[in-house]
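Each chain, written out:
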Amino acid sequence: MNTVTVKNVTIGSESPKIIVPLVGKNETELIEEAKHLLTIDCDLVEWRVDFFDQVTNFEAAAEMSKKIAEILSDKPILFTFRTKQEGGELTFTDEQYFGLYKTVIEHGAIDLLDVELFMDDICVQATIKAAHEKAIKIVMCNHDFDNTPTKEEIVSRLCKMQEKNADICKIAVMPQSSDDVLRLLEATNEMNDKHADRPIVTMSMGQLGMVSRMCGEVFGSAMTFGAAKKASAPGQVPVAELRKILRTLAL
């Protein structure tokens, strides 16, 4: 299994790394929130730029990424525009999505870039190439906010992410029953044991799936998302509580 090291954080070894969302709507909120995250025991920060009220101004987003990176200088920054169809705040065309990413890769300050699995493949590959040329790692992802696919489908999607040259492969699904949570964990375990050659990140969302955010080390998930002030997805556990649980499990 290859690990991914960004700044002083190695993803894919030891306990799952904790990542927290940055979801401020404007520069004032983002700066205040970033400063607050300096007091939080997390490993990485995900800037959910789809919450940002100037996100359609790509240069403004790139400049804001520099300000965030300056404040959170020791923490890797994952830059994410979550599309509406995968649970995000805004509807973006493909042209806007990849235009934003191109601008931030060239002019911003980020360490990792979130790219959705089912976007246009030619544009995805061009974006991955441009990011890698700047030493930016790719977190490829897929979200199902309605259901939990079959175990075979979950594994298949994670394998596709590897084939597309992602550095980290991530899937989040919504359970309708405890069996769905078990299916996600079984798929994670199978992927980790039989297919993965790089870090994978999996989670079952909502209250029902909360256990999946805490037991990643057992099944092979390399990161887990915790909430600081505001969660960015259903079922995120407060960071302090999550760290405590992970430390207990590691004993």
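The model shown is predicted, which means the values in this text are computed figures rather than measured ones.

What follows concerns unusual backbone geometry. The phi dihedral of E14 is positive, around 60°, even though this residue is not glycine. Structurally, E14 is set in the loop between β2 (9–11) and β3 (17–22). E14 sits in the exposed class, given a relative accessible area of 71%. With a phi close to 65°, A135 is a non-glycine residue in the positive phi region. The class of A135 is exposed, set by a relative accessible area of 60%.

We now examine the sheet that holds strand β11 (residues 237–238). Pairing in this open sheet of nine strands is parallel, and the strands run β9-β8-β7-β6-β5-β4-β3-β10-β11 from one edge to the other. Each having just a single partner strand, β9 (200–204) and β11 make up the two edges of the open sheet. Both strand β10 (residues 223–227) and β11 contribute to a ladder of two bridges, which runs parallel. Across the sheet, G226 pairs through a bridge with V237, a residue of β11. Each of β5 (77–80) and β6 (112–116) touches helix α3 (residues 94–107); the most contacted strand, β6, lies at about 165° to it.

Taken from the UniProt record, the annotation "active site" (unreviewed entry) applies to H143 and K170. Over a stretch of 28 residues, the named residues converge on one spot in the fold, their C-alpha atoms separated by at most 8.6 Å. You can call H143 buried: its relative accessible area is 10%. With residues up to four places along the chain from it excluded, the contact list for H143 reads R82, E86, K170 and A172. Setting aside its immediate chain neighbours within four residues, K170 contacts R82, V139, M140, C141, N142, H143, L158, M161, V201, M203 and F225.

Right, let's get into the pattern of salt bridges. Evaluation of the coordinates by the stated rule reveals 16 salt bridges. Of the charged contacts in the structure, one is a salt bridge between R247 and D41, with a shortest N-O distance of 3.3 Å. Of the two residues, R247 sits in helix α8 (residues 239–250) while D41 sits in the loop between α1 (27–37) and β4 (44–48), which places them 206 residues apart along the sequence. Classification of D41 by relative accessible area gives partly exposed; the value is 36%. For the salt bridge of D121 with K164, the shortest nitrogen-to-oxygen distance reads 2.6 Å.

Let us now look at empty space enclosed by the protein. The full count for this structure, using the stated rule, is two cavities of 30 Å³ or more. Approximately 40 Å³ is the volume attributed to the second largest cavity. If you go around the second largest cavity, the residues you meet are T202, M203, S212, R213, M214, C215, G216, S221, M223, T224 and F225. Those elements that place two or more of their residues in the lining of the second largest cavity are β9 and β10. Here the element with the most residues in the lining of the second largest cavity is β10; it accounts for three residues. Residues belonging to the lining of the second largest cavity are distributed by class as follows: five nonpolar, five polar and one charged.

About the thresholds
- Residues numbered from 1 in each chain as written.
- Predicted model: local features only at pLDDT ≥ 70, side-chain atom pairs only at ≥ 80, totals over all residues.
- Heavy atoms only, no water.
- Helix = DSSP H or I, 4+ residues; strand = E, 2+ residues; numbered from the N terminus.
- Buried < 20%, exposed > 50% of the residue type's maximum accessible area, 1.4 Å probe, protein only.
- Pairing = 2+ DSSP bridges.
- Contact = heavy atoms within 4.5 Å.
- Axes fitted to C-alpha atoms, helices over the stretch in contact; angles between N-to-C directions.
- UniProt positions renumbered as here; feature names shortened; annotations may be inferred.
- Salt bridge = Lys/Arg side-chain N within 4 Å of Asp/Glu carboxyl O.
- 1 Å grid on protein atoms, 1.4 Å probe; cavity = no way out; pocket = protein on both sides within 12 Å on 5 of 7 lines; lining within 4 Å.
- Points joined across faces, edges and corners; volume = space filled by probe spheres on them.
- Nonpolar A, V, L, I, M, F, W, Y, C, P; charged D, E, K, R; others polar.

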